[in-house]
Amino acid sequence: MSARLVVAILGAYLLGSIPTSLLVVRAVKGIDLRKVGSGNLGATNLYRQLGFAYAIPVALFDALKGAIPVAVLGPWAGLGLVGSFLLGVVAVVGHAFSIFANFKGGKGVATGSGIVLGIAPWAYLVTLLVWVVTVRFSGYVSLGSIVAAVVLPPAVLLLQPDRHVVVIWLAALSLIIIWFHRANIHRLLNGTENRFGKRGDPAASK
């Protein structure tokens, strides 16, 4: 294993591990995001505490945590498309299990979307649209994330067939994101999931 590859792997994990939501909420409100709302360190739980003005830039930064390993670290380490994608997955793992937050984190939706943006931007736009429409009409961020994850692999095959080599990996990423939402799925089936827009609610999607 080359030195560059080791640096790229560590860099991807540490970048993904930056607990953006935790740091922002602590700086603004002086509270630990792990102890309020859902306890999740994703942008949705932050939104329920601080609103859109903070949630949107945090979500964008979390997406960059997935895009930078794919677009920058992978090529720098001499990796191909699949290797760069896997570096993005390392960042998602860092986001979900942050070394800076006692291995707690978010559910990886924003960071995972950054991987897709770096590899298949047209498919990214479609899944983003699916997410927005689903959340708009259902009111559930978790459902939007789950539906977008399901749509992602076929969107890549249809819109960017030159990226077919990573479709199986994107499908695996989708399954991981859905698995992270298993508690949300249980609440959706039971009718107890909280709708988007209710600040301070206990359930969050990512």
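Remember, it's a predicted structure, so these values are computed and weren't measured experimentally. (Residues numbered from 1 in each chain as written. Predicted model: local features only at pLDDT ≥ 70, side-chain atom pairs only at ≥ 80, totals over all residues. Heavy atoms only, no water.)

Asker: Tell me about the overall build of the protein chain, and please be specific about residues and values.
Answerer: Counting secondary structure elements, the protein chain contains 10 helices and 0 strands. When the helices and strands of the protein chain are listed from N to C terminus, the series reads α-α-α-α-α-α-α-α-α-α. Along the first, second and third principal axes, the C-alpha atoms of the protein chain reach 45 × 35 × 25 Å. Counting only residues that meet the buried cut, the protein chain has 48% of its 206 residues in that class. A separation of at least 24 residues holds for 65% of the contacts in the protein chain among residues at least 6 apart in sequence. For the protein chain, the accessible area works out to roughly 9600 Å², and carbon and sulfur atoms hold 71% of it. Computing the positive centroid from 17 side-chain charges and the negative centroid from 5, the protein chain places the two 4 Å apart. (Helix = DSSP H or I, 4+ residues; strand = E, 2+ residues; numbered from the N terminus. Buried < 20%, exposed > 50% of the residue type's maximum accessible area, 1.4 Å probe, protein only. Contact = heavy atoms within 4.5 Å. Areas by Shrake-Rupley, 256 points an atom, 1.4 Å probe, with all protein chains shown as cover. Lys, Arg positive; Asp, Glu negative; His and termini not counted. Charge placed at Lys NZ, Arg CZ, Asp CG, Glu CD.)

Asker: With reference to specific residues and values, describe the packing of aromatic side chains.
Answerer: Counted under the stated rule, the structure contains 3 aromatic pairs. For the pair Phe 97 and Phe 180, a centre-to-centre distance of 6.1 Å together with 70 degrees between the ring planes defines the contact as edge-to-face. Of the two residues, Phe 97 sits in the loop between helix 5 (81-96) and helix 6 (109-119) while Phe 180 sits in helix 9 (residues 167-180), which places them 83 residues apart along the sequence. Overall, Phe 180 belongs to the buried group, its relative accessible area being 14%. Between Trp 179 and Phe 180, the ring centres sit 5.5 Å apart and the planes meet at 45 degrees, which makes this aromatic pair tilted. Over the face of the ring belonging to Phe 137 we find Arg 136, whose NZ or CZ atom lies 5.6 Å from the ring centre. (Phe/Tyr/Trp six-rings, centres within 6.5 Å; stacked < 30°, edge-to-face > 60°. Lys NZ or Arg CZ within 6 Å of the ring centre and 35° of its normal.)

Asker: Explain the pattern of salt bridges residue by residue, including any values.
Answerer: Opposite charge on two side chains permits them to pair, given that their charged atoms come into close proximity. Within the structure shown, the criterion is met by 4 salt bridges. Across the salt bridge formed by Lys 65 and Asp 62, the nearest N and O atoms sit 3.2 Å from each other. With Lys 65 and Asp 62 both in helix 4 (residues 52-76), this residue pair falls 3 residues apart, about one helical turn. Of the two residues, Lys 65 and Asp 62, neither departs from the other in class, the shared state being buried. For Glu 193, the salt bridge goes to Arg 187, with nearest N and O atoms at 2.8 Å. Residue Arg 187 is classed as partly exposed on the basis of its relative accessible area of 23%. (Salt bridge = Lys/Arg side-chain N within 4 Å of Asp/Glu carboxyl O.)

Asker: Which residues make up helix 6, and what are the values?
Answerer: Owing to its 3.6 residues per turn, the α-helix brings residues three or four apart onto one side. Burial analysis of helix 6 places 8 of its 11 residues in the buried class, the great majority of the element. Val 109, Ala 110, Thr 111, Gly 112, Gly 114, Ile 115, Val 116 and Ile 119 are the residues of helix 6 that are buried. Along its buried surface, helix 6 packs onto helix 4, helix 5, helix 7 (121-138), helix 8 (141-159) and helix 9.

Asker: Describe the nonpolar core, listing the residues and the values that go with them.
Answerer: Of all hydrophobic cores here, the largest spans 19 residues; its most connected members are Phe 85, Ile 115, Ile 119, Val 156, Leu 170 and Leu 173. Of all the secondary structure elements, the ones that give two or more residues to this core are helix 5, helix 6, helix 7, helix 8 and helix 9. Those residues in contact with Leu 173 that sit more than four places away from it in its chain are Phe 85, Val 92, Gly 112 and Ile 115. Among the nonpolar cores identified, the runner-up in size contains 11 residues, and Leu 22, Val 25, Leu 46 and Val 58 belong to it. (Core = buried A, V, L, I, M, F, W, Y, C linked by side-chain atoms within 4.5 Å.)

So far we have only geometry, and geometry alone does not tell us how the molecule works.
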